[in-house]
Amino acid sequence: GAVVSQHPSRVICKSGTSVKIECRSLDFQATTMFWYRQFPKQSLMLMATSNEGSKATYEQGVEKDKFLINHASLTLSTLTVTSAHPEDSSFYICSGELSYEQYFGPGTRLTVT
Amino acid sequence: EDQVTQSPEALRLQEGESSSLNCSYTVSGLRGLFWYRQDPGKGPEFLFTLYSAGEEKEKERLKATLTKKESFLHITAPKPEDSATYLCAVHGDKIIFGKGTRLHILP
């Protein structure tokens, strides 16, 4: 149980375009979902906490107008990277919270050319 | 400020050679300490949650322990398939991840 999926697993986009990443909890309802980014050999860095039906809470230094988060249902949260630039290239991982524990998706590798 | 430090950064062991990974933390009001396994290019896989000093949890060859300042992930008689990065995270005011320990088990 506690399976989280992400789509797409990999995406390449051109600089200046936007890309949407979906995060779904497949077998549980996640009132709270989290979005992280991870650079090679680095720790997971929390970007934002997403609560169903309300605005996301962004960590300090994360531009909320650039990283749009929508948590429209108890099983789906989306992250849209707007006007992407090469420095946004990273591994983006979401997680859903169940019984106080976080279960992670497989991640999305974003490459901006 | 809440902090999490994992050591060593990397560890190479022979198959069957038991060892421990360390997660040292400072947090104001620990709400939980988590261990995850992460394989390259994949999301972390949940292993354990520990809530209070003295607590221990086991799963196959892994055992996690917790004190007021640190947690250990003991791996007994590891196999090559245990090779991965092991992440520790603490939940205080927010959840903070350590940088992980890259574990490589040689056959």
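Residues numbered from 1 in each chain as written. Chains lettered and ligands numbered in written order. Predicted model: local features only at pLDDT ≥ 70, side-chain atom pairs only at ≥ 80, totals over all residues. Heavy atoms only, no water.

Draft legend 1. Main features of the overall build of chain B. Helix and strand counts for chain B come out as zero helices and 11 strands. The helix and strand sequence of chain B, counted from the amino end, reads β-β-β-β-β-β-β-β-β-β-β. Computed over C-alpha atoms, the radius of gyration of chain B comes to 13 Å, within 12% of the 13 Å expected from 2.2 N^0.38 for 107 residues, which places it in the range of a compact globule. With the C-alpha coordinates aligned to their principal axes, the bounding extent of chain B is approximately 40 × 30 × 20 Å. Here chain B, with 107 residues, has 47% of them falling under the buried criterion. Side chains of chain B give 14 positive and 15 negative charges; the mean places of these two sets differ by 2 Å. (Helix = DSSP H or I, 4+ residues; strand = E, 2+ residues; numbered from the N terminus. Rg over C-alpha atoms; globule rule 2.2 N^0.38 Å. Buried < 20%, exposed > 50% of the residue type's maximum accessible area, 1.4 Å probe, protein only. Lys, Arg positive; Asp, Glu negative; His and termini not counted. Charge placed at Lys NZ, Arg CZ, Asp CG, Glu CD.)

Draft legend 2. The interface of chain B and chain A, seen in detail. In this assembly, 20 residues from chain B lie in contact with 17 residues from chain A. Carbon and sulfur atoms supply 55% of the area buried between chain B and chain A, which totals about 1,600 Å² over both sides. On inspection of chain B and its partner chain A, the count reaches one salt bridge. The shortest N-O distance in the salt bridge between B:Lys94 and A:Glu59 comes to 2.6 Å. (Contact = heavy atoms within 4.5 Å. Buried area = accessible area lost by both parts, 1.4 Å probe. Salt bridge = Lys/Arg side-chain N within 4 Å of Asp/Glu carboxyl O.)

Draft legend 3. Structural detail: unusual backbone geometry. With an omega of 0 degrees, the peptide bond between A:His7 and A:Pro8 qualifies as cis. Tracing the backbone shows A:Pro8 in the loop between β1 (4–7) and β2 (10–13). Residue B:Ser7 is joined to B:Pro8 through a cis peptide bond whose omega torsion reads -10 degrees. Positive phi is not limited to glycine here, since A:Ser83 has a value of about 45 degrees.

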